[in-house]
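# Coordinate inspection notes
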Amino acid sequence: MLPPRQQSQVGEGLQTSLSLVSSDPRLSLEEHRSNTGNLRESPTESASSREIWPMAAAIKKESVSGADKITLHDVARERVDVVYEKMLHLPCEFLDELKNGLRVILEGGNGSQHREEFFILQKLVQSRADLTTKTLVRTHRVQLEILVAINTGIQGFLHPSINLSQASLIEIFLYKRCRNLACRSQLPAEDCTCETCANGNGFCNLCMCVICSKFDFEVNTCRWIGCDLCSHWTHTDCAIREQLICMGPATQNGTGPSEMVFKCQACNRTSELLGWVKDVFQHCVMSWDGEALIRELDFVSRIFHGSKDPRGRKLHWKSDDLKENLRSGKVESKAACKAILMVFKELELDSQKTPENAESESGRLIAPQEACNRISEVVHEAVRNMEMVANEKMRMFKKARLSFDACERELAEKAREAGELNMDRQKKKLEIEELERIVRLKSAEADMFQMKANEAKRESERLQRILLAKSDKSEEEYTSNYLKQRLNEAEAEKQYLYEKMKMQETSRLSQSSGGGGDPLMFSKIHDLLYSVPPSADGPSNDCHPFRKNP
C-alpha cells in the first residue's frame, strides 16, 4: 500500500490551494455548475488571497475614454490581436481593475449571478478554436492571465504574487501542464499512459482526484486513498460515493480472504485498505490534535462501515467508540491515539493467525500441552470476541438507555408543557367568558342609553314645539298690546288736540270779537287733527309732531 499522501512540491513558497474547480472541457454545464459551486471550498485559499490581494478601492483610477475601454467579454470573445492592441494603450491601473473584476466573479460573492457570468465567459473561451500556441504567444500578459483564469476557474493566476512565465501559462491553458500552482508538473505526469492521464483534459495524477479532478493540500490524512499499482489518488468521499470501497479478495488472483478493498478507477485494480489506514495512523496520529483525530476516525468509520471482515468490523466499532468518547470529553486525544494504535497491533496479531497456517499444522500430531495451549488461545480469542461483542452491546445498550432517558425527559417536559397549555387554555376561556359578559352588559347599557336619548330627543322636540307656539302667541299678544297702546295714545292725543282746538277756537272767537286772531294756525291744527286714519293700527309717532317717541 502507498504511504500517506505527502505534500507535493510547492512553487515559490505557495502553500495554499487557490481553487478546486475542474477544467475538463468535456464536462457538461451541470457538472461545471457542481464543480464551480465550490470555488471557495478550501479555507486556506480565501485566507491567503485576502492577505496580499490589492483592494479595488486602493487602485488609482485614470480617465479612460469609452472607445478605449475593454471588458471581460471582449477578452473572451474578440481576436487575440485586437485585444492586444487595445491593452497596449490602457493604463496599468485599468488592467488591474479588470483582473480584480474577474477575481470577484470567481469568488462568487453575488451567488447565481456571478456563477452564470462565469459560465458564459468560460463557454466563450472554450468554444474558440483560434486559441493555439501560435496565437497565444502574441497575447498581452494580462490578457493571457485572464484567459487562463477563465479556462481553469482558478483565481490564483490573477494574483499579483504569482509570476509564471508566459510559456507556463500557455501550457496550463492548453492542458500540457498541471494547473495546480503548487504542482505545475508536465502532463501527463510521470509519463503515465493510462486513459485518465492521456485524454488531455489537464488531469495530474500527482495531486488530483481521479473522480472529481479537484486538488487540495490535505496530506498525512485518510482523506486521500492511493492505488498500490498505478499511484493515482482518489478522495475518500468520492470513492465512497462512487462505491469504489467494497468487500473483495485481498490479492489480485482472488484467492485471498475477503476484506475491505479500494478499486482504482484509473487502472481498475484493487488495493487493501486496512494496511493503508494502519500506516497513516502509525506515521501521523501523534501529530494530530483532537479535532483532526475525530475527523480521521470518522473517515475510518465510514471506510469500514460495510465491512464483513472481523478485523474491519472491529476497527469500525473501535473508531466509532473513540470518536464518541472524544466528542463527549471522556477520553483525551493522547489516550485515544494510544488506544487506536493498540487496536492496530491487535489486528496485526489477528492477521498472523491465517487459515493457511492452521491447515499446514493440521497434518501433524501435536502434543497435549500444545493442544491445550491452542485450545486456550481459541478460548481466549472467543472470550475476547465475546467481550468485544458484549462491550459493543453494552455501548449500544447505554446509548439506547441514554436515548430512552432523553425521550422520557422530553415526554415529561412535553406533558408539563401540555398541562401548562391546558391551564392557559382554561384561563383564556374564563377571560373570554368574562369579556363576553362585559360585552353583553355594555350592550344593554348602550341600548338603555339609546332609549333614554330617544326619549330626551322626543321631549326636546315637544318642548321646542311648545316654545315655538308660545313664542308665536307672545308675539301676537305683544303686537296686540302694542297696537292697543298706540291706539290709546292716539285717542288721548286726539282728545288733547281736540280740546286745544276748542280752546283756540274759543280764543279765536274771542279775538275775532275783540278784533284779531290767526286763521292760518287754526287751519293747520284742524288739518292735523282730522288727518289721523281710523285704522286699528293707530297713528304712528311720525304723524304727530307734538309727541316724542317713548
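Residues numbered from 1 in each chain as written. Predicted model: local features only at pLDDT ≥ 70, side-chain atom pairs only at ≥ 80, totals over all residues. Heavy atoms only, no water.

So the rule is basically this: UniProt positions are given in the numbering used here, feature names are shortened, and annotations may be inferred rather than shown by experiment.
An unreviewed UniProt entry lists the protein chain under the name OBERON-like protein, with Phaseolus vulgaris given as the organism. Looking at the Function (unreviewed entry) heading of the UniProt record, one finds this comment for the protein chain: "Probable transcription factor." One UniProt comment on the protein chain, placed under Subcellular location (unreviewed entry), says "Nucleus".

## Some remarks on the pairing of strand 4 (residues 258-263)
Rules: A pair of strands is labelled paired if DSSP reports no fewer than 2 bridges between them. For helices the rule is a DSSP run of H or I covering at least 4 residues; for strands it is a run of E covering at least 2, with both sets numbered from the N terminus onward.
Pairing of strand 3 (residues 245-249) with strand 4, which is carried by five bridges, proceeds in the antiparallel orientation. By the bridge assignment for strand 4, Gly-248 is matched with Glu-259. Alignment of strand 4 against strand 5 (residues 270-272), held across three bridges, turns out to be antiparallel. Pairing of Phe-262 across the sheet is with Ser-271, part of strand 5. What sits between strand 4 and strand 5 in their antiparallel hairpin is a turn of six residues, with Asn-268 showing a positive phi close to 60°.

## Let's talk about the sheet that holds strand 3
Applicable threshold: Every axis corresponds to a line fitted to the C-alpha atoms, with the helix fit spanning only the stretch in contact, and the corresponding angles, defined between N-to-C directions, vary from 0 to 180 degrees.
Taken in spatial order, the three strands line up as 3-4-5 in an open sheet, and their pairing is antiparallel. If you trace the sheet from one side to the other, it starts and ends with strand 3 and strand 5, each paired once. Averaged over all adjacent pairs, the angle separating strand axes in this sheet is 55°, with direction ignored.

## Things to note about a negative patch on the surface
What counts, and what does not: What makes a patch is a set of residues exposed beyond 30% relative accessible area and free of salt bridges, joined within 9 Å when like-charged and within 5 Å when nonpolar (Val, Leu, Ile, Met, Phe, Trp, Tyr). To measure how exposed things are, a 1.4 Å probe is used in the Shrake-Rupley method; for residues, cover is taken only from the protein chains shown. By definition here, a salt bridge exists when the distance from a side-chain nitrogen of Lys or Arg to a carboxyl oxygen of Asp or Glu is within 4 Å. We treat Lys and Arg as the positive residues and Asp and Glu as the negative residues; His and chain ends play no part in the count. By convention, the charge on Lys lies at NZ, on Arg at CZ, on Asp at CG and on Glu at CD.
A surface patch of negative charge is lined by Asp-472, Glu-475, Glu-476 and Glu-477. Tracing the chain through its elements places Asp-472 in helix 17 (residues 368-514).

## Points about the pattern of salt bridges
Stated precisely, the cut-off is as follows: With a 1.4 Å probe rolled over the protein chains alone, any residue whose accessible area is under 20% of its type maximum counts as buried; one over 50% counts as exposed, and the rest are partly exposed.
Taken as a whole and judged by the stated rule, the model has 23 salt bridges. Its salt-bridge partner being Arg-177, residue Glu-171 comes within 2.7 Å of it at the nearest N-O pair. Of the residues examined, Glu-171 reaches a relative accessible area of 23% and is grouped as partly exposed. Arg-177 sits in the buried class, given a relative accessible area of 16%. With a closest N to O distance of 3.6 Å, Asp-320 and Lys-323 form a salt bridge. Highlighted residues: Asp-320 and Lys-323, both in helix 14 (residues 310-328), separated by three residues, approximately one helical turn. Look at Asp-320 and you get buried, because its relative accessible area is 17%.

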